[in-house]
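Residue-level listing of the chains:
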There are 2 protein chains.
Amino acid sequence: MPIERRKTRQVNIGGVTVGGDAPIRVQSMCSTPTGDVDATVDQILRLEEAGCEIVRVAVPDREAARALPTIKSRIHIPLVADIHFDYELALEAMMAGVDKVRINPGNVLVKQGWKGVEAVVEGARQHGVPIRIGVNSGSIETPLLKKYGSPTPEAAVESAMGHVKLLEELDFHDILISVKFSDVPRTVAAYQLLSRTTDYPLHLGVTEAGTSWSGTIKSAVGLGALLAEGIGDTVRVSLTTPDKAEEVRVAYEILKSLELRARGPVLTSCPTCGRTEVDLLALVHQVEEALSRVKTELHVAVMGCVVNGPGEAAGADLAVVGGKGAVALYRRGQFLRRVSEAEAGKALLEEIAAGLR
Amino acid sequence: MPIERRKTRQVNIGGVTVGGDAPIRVQSMCSTPTGDVDATVDQILRLEEAGCEIVRVAVPDREAARALPTIKSRIHIPLVADIHFDYELALEAMMAGVDKVRINPGNVLVKQGWKGVEAVVEGARQHGVPIRIGVNSGSIETPLLKKYGSPTPEAAVESAMGHVKLLEELDFHDILISVKFSDVPRTVAAYQLLSRTTDYPLHLGVTEAGTSWSGTIKSAVGLGALLAEGIGDTVRVSLTTPDKAEEVRVAYEILKSLELRARGPVLTSCPTCGRTEVDLLALVHQVEEALSRVKTELHVAVMGCVVNGPGEAAGADLAVVGGKGAVALYRRGQFLRRVSEAEAGKALLEEIAAGLR
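All values derive from a computational prediction rather than experimental measurement.

What about the domain arrangement of chain A?
Here comes step 1: Assigned domains of chain A: these are domain 1 (10-257) and domain 2 (266-356).
Here comes step 2: Relative to domain 2 of chain A, the C-alpha centre of domain 1 of chain A lies at a distance of 41 Å.

The following block contains the structure:
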């Protein structure tokens, strides 16, 4: 049962479509100082390798903006400039060829007046660059905080729609929106409300989710709950980790789990119990290692016993079911052959290869 | 905004309530051979330490059943016997003092006739032991597979309700239900349908979720999507891992992320970007290490820069915000003091201690 996605408009970020019927896009953000071109490009290339489709860099000052053309020339995915307050930086980034700008026009209005907003919109229009309005719980305007008493989902959505209105007044609709909180309940509630309010494509994220382990769980719960409802057009998993490619791997794993994106094999394996008659952990690791070289999209199941094994095997493209002293191989529920535990990985690869012919 | 939980009946599993207004319970299952009492008890004690509230063991044969009284006498949480087909094993487990039995009466009916079903129900009634009906995609009856063409969510729910009907015919209502699949979309759809169909408490799980990493993500997405809708009364995260306590830690982290259970501090930390002016990874690890000794429920934020830092700090009980050369401490948005990066963890612990006075 495929998830029915909410209908959104589509924007084009340097050739990568987001929203509408486009696949849900995976993006990330560099943790390097943008002015350090080599480090930034290096990180982006590693993100690309992991499957990152759009990458964002912070542009807090002129030095960062000056680095953008070189970065852009050395990478292969759309580049997004993350800018706060300063419309001139936004213009410089667009001149440098960035493919999207994240800037909140309301902030430009407050700090630099209406001419700043007009300049950003004119630049975006000229360069064909979409604008993401990115509201975070920590950046909601004081009047809205006073109105709602605290940074509530309603306050975040009202803030976002206020920024949208400024762009719409200038007849600009090339917009994406995010409303991120660092906790899951408010993130989910804010995007649910936003999705009922507007049809601009939504950029999902739980902000400052935390370290690898807890941030992965928080992102999987929050993004998972929204994606399962059909909400979200692009996702960014945000982890405090030295290896930013991990954000991309986690994002794909979330999307894969909901069958929204396919990427390599899906492995299911039983948690083992008192019925297990095989060294399942060793078997799973052997299979996982064998599958790490496989790019085909297929479902492989590794089961420890004959209780759920054969049933589960019926639903998998290939299954390895543990028994006494040997394992049984199944292809889509059909018994293939019995091999020793040690040969399971090799036999599986043979079957995958056979299936590709 | 607390999640509004669906109204379910309440059952009592050896003193631990599940369903109704009871907290969502965390459970796990042993991977040891149940007959190996020392290994099983050892694993259960480690699960208890991690916060496991109900533990299940497989009882595939007489040897396993004979181990139950000793296991029961050496642990401190309710014990559940997982039994397939054999009503005599179920009776033996109940005599041994287990607090719940997982058995599908339809299977007993097919293999051992109506007298087997009656015997199980009579035993459960006598011992005050609830029965969990556990349908897995791999164990759906052939007629239902034929009717639906494959193990669909509808087939699983119809299977579960068929088992329920047998118990209700004997006026037995001390029931929990699970309908697990190894993939998230069918798991979510099945529980959504089940929750609309019945008010018996629901035991959530994605079965055979996979290895630590992908199984954690799959469980967080699937259980998270359901819990966010208010569905689920007890959860079991199922991971192929040598350390079963990990299942419990992941379960709590999922529940914590949705603010359904509290357990120790919640840490949010920013993913770092080109604006970061502090060694945030080192800072976060220092804070994480300091917090690992803290049992208080509180929200601590670690932020790398002044853009989102102060705003995020306002929502946290305590916040550490990185700046140039030093970090700033905030308590519920109020600036406390500035300390060196090296002293951040120590200063945080001092503030926590101060708050407890």
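Having seen the structure, we can now continue with the description.
Notes on the environment of B:E49
Here comes step 1: Mapping B:E49 onto the fold places it in helix 1 (residues 37-50).
Here comes step 2: Separated by 199 residues in the primary sequence, B:E49 and B:V248 have C-alpha atoms spaced 9.7 Å apart.

With respect to the relation of the copies chain A and chain B
Here comes step 1: Mapping chain A onto chain B calls for a screw motion: a turn of 180° about the axis and a shift of 0.0 Å along it, with 0.0 Å RMSD after fitting. Given the turn and translation reported, the copies of this chain are related as if by a two-fold rotation axis. By C-alpha distance to the rotation axis, the residue of chain A lying nearest is A:A225, at 2.0 Å.
Here comes step 2: Interface overlap between copies: 100% of the residues of chain A at the interface are likewise at the interface in chain B, consistent with a symmetric, same-surface contact.

Observations regarding unusual backbone geometry
All names here are of chain B.
Here comes step 1: You will see that E259, though not glycine, has its phi angle at about 60°, which is positive.
Here comes step 2: Structurally, E259 can be placed in the loop between helix 10 (245-257) and strand 11 (266-269).
Here comes step 3: One non-glycine residue with positive phi stands out, namely R332, at about 40°.
Here comes step 4: As for its placement among the helices and strands, R332 is situated in the loop between strand 14 (327-331) and strand 15 (334-339).
Here comes step 5: With relative accessibility at 55%, the residue R332 sits in the exposed group.

A few points about the pairing of strand 8 (residues 175-180) of chain B
Residue and element names in this part refer to chain B.
Here comes step 1: Counting buried positions along strand 8 gives six out of six residues, so the element sits mostly inside the fold.
Here comes step 2: Burial of the side chains of strand 8 extends over both faces: I175, I177 and V179 are buried on one face and L176, S178 and K180 on the other.
Here comes step 3: Strand direction decides the pairing type here: strand 7 (residues 131-136) and strand 8, joined by six bridges, are parallel. Within strand 8, the residue paired with I133 across the bridge is I177.

Here's the deal with helix 1 (residues 37-50) of chain A
Residue and element names in this part refer to chain A.
Here comes step 1: Taking 1.5 Å per residue as the helical rise, helix 1 with its 14 residues ought to reach 20 Å, and the 20 Å between its terminal C-alpha atoms agrees with that figure.
Here comes step 2: All of the buried residues along helix 1 are V37, T40, V41, Q43, I44, L47, E48 and A50.
Here comes step 3: Where helix 1 is buried, its residues touch strand 3 (25-29), strand 4 (54-58), helix 2 (62-74), strand 5 (79-82) and helix 9 (245-257).
Here comes step 4: Two residues or fewer after helix 1 comes G51, characterised by a positive phi angle close to 110°.

Quick look at the pattern of salt bridges
Here comes step 1: Taken as a whole, this structure holds 48 salt bridges over all chains when the rule is applied.
Here comes step 2: In this structure, A:R5 engages A:D233 in a salt bridge whose closest nitrogen and oxygen atoms are separated by 3.2 Å. One end of the pair, A:R5, is in the segment before strand 1 (10-13); the other, A:D233, is in the loop between helix 8 (212-228) and strand 10 (234-236), with 228 residues separating them in the sequence.
Here comes step 3: Between B:D38 and B:R74 there is a salt bridge, with its nearest N and O atoms 3.1 Å apart. Placement of B:D38 in helix 1 and of B:R74 in helix 2 (residues 62-74) is noted, with a sequence separation of 36 residues between them.

Overview of helix 10 of chain B
Residues and elements named next belong to chain B.
Here comes step 1: Along its 13 residues, helix 10 runs 18 Å from first to last C-alpha, staying within 8% of the 18 Å computed at 1.5 Å per residue.
Here comes step 2: The element helix 10 is largely enclosed, with a buried count of 12 among its 13 residues.
Here comes step 3: Among all positions in helix 10, only A245, E246, E247, V248, V250, A251, Y252, E253, I254, L255, K256 and S257 are buried.
Here comes step 4: Of the residues one or two after helix 10, E259 is the one with positive phi, at around 60°.

Concerning the nonpolar core
Here comes step 1: Within the largest apolar cluster, 171 residues are counted, with the highest numbers of intra-cluster contacts made by A:L227 and B:L227.
Here comes step 2: Once residues lying within four places of it in the same chain are set aside, the contact partners of A:L227 are A:I3, A:I24, A:L204, A:G232, A:V235, A:I254, A:L255, A:L258 and A:L260.

Details of the packing of helix 1 of chain A against helix 2 of chain A
Residue and element names in this part refer to chain A.
Here comes step 1: The contact between helix 1 and helix 2 brings their axes to 10 Å, and the two run at 35°. Seen from above, helix 1 lies across helix 2 with right-handed handedness. Within the contact between the two elements, helix 1 uses V37, D38, T40, V41, I44 and L45 and helix 2 uses A67, T70, I71 and R74.

Considering the sheet that holds strand 11 of chain B
All names here are of chain B.
Here comes step 1: The strand order 11-12-13-14-15 describes an open sheet built from five strands, whose pairing is mixed. The open sheet has two free edges, formed respectively by strand 11 and strand 15, since each of these has just one partner strand. Recorded for the sheet is a direction-independent mean angle of 20° between the axes of neighbouring strands.
Here comes step 2: Sitting on the sheet, helix 11 (residues 280-291) touches strand 11, strand 12 (299-303), strand 13 (318-322) and strand 14, and the angle it makes with strand 12 is about 165°.

Section: the state of the cysteines
Here comes step 1: A complete count under the given rule lists zero disulfides over all chains for this structure.
Here comes step 2: Counting only cysteine sulfurs, A:C52 is the nearest neighbor of A:C30, a cysteine outside any disulfide, at a range of 8.3 Å.

Side note on the interface of chain A and chain B
Here comes step 1: Listed by partner, the interface residues are 71 residues for chain A and 71 residues for chain B.
Here comes step 2: The interface formed by chain A and chain B includes zero salt bridges.
Here comes step 3: Joining chain A to chain B, the criterion identifies six residue pairs in polar contact (both at pLDDT 80 or more).
Here comes step 4: Those elements that provide at least two residues to the side of chain A that touches chain B are helix 7 (184-197), helix 8, helix 9, strand 11 (266-269), helix 10 (280-291), strand 12 (299-303) and helix 11 (309-315) of chain A.

Focus: the side chain of A:K218
Here comes step 1: Note on placement: A:K218 falls in helix 8.
Here comes step 2: Buried and unpaired, A:K218 has B:E253 as its nearest opposite-charge partner, separated by 6.5 Å.
Here comes step 3: If we skip the residues at most four places from it in the chain, A:K218 touches A:S182, A:V184, A:V206, A:E208, A:A209, B:S257, B:V266, B:L267 and B:T268.

Regarding the environment of B:N136
Here comes step 1: Its location among the elements puts B:N136 in strand 7.
Here comes step 2: Spatially, the C-alpha atoms of B:N136 and B:E169 are 23 Å apart, while their sequence positions differ by 33 residues.
Here comes step 3: Once residues lying within four places of it in the same chain are set aside, the contact partners of B:N136 are A:N308, B:R102, B:K180, B:T207 and B:E208.

What counts as what
Residues numbered from 1 in each chain as written. Chains lettered and ligands numbered in written order. Predicted model: local features only at pLDDT ≥ 70, side-chain atom pairs only at ≥ 80, totals over all residues. Heavy atoms only, no water. Domains from an automatic or database assignment. Helix = DSSP H or I, 4+ residues; strand = E, 2+ residues; numbered from the N terminus. Least-squares fit on C-alpha atoms with pLDDT ≥ 70 in both. Contact = heavy atoms within 4.5 Å. Buried < 20%, exposed > 50% of the residue type's maximum accessible area, 1.4 Å probe, protein only. Pairing = 2+ DSSP bridges. Expected span 1.5 Å × (residues − 1). Salt bridge = Lys/Arg side-chain N within 4 Å of Asp/Glu carboxyl O. Core = buried A, V, L, I, M, F, W, Y, C linked by side-chain atoms within 4.5 Å. Axes fitted to C-alpha atoms, helices over the stretch in contact; angles between N-to-C directions. Left-handed = near helix turned anticlockwise from the far one by under 90°. Disulfide = S-S within 2.5 Å. Polar contact = N/O pair within 3.5 Å; in protein donor to acceptor, adjacent residues only side chain to side chain. Lys, Arg positive; Asp, Glu negative; His and termini not counted.

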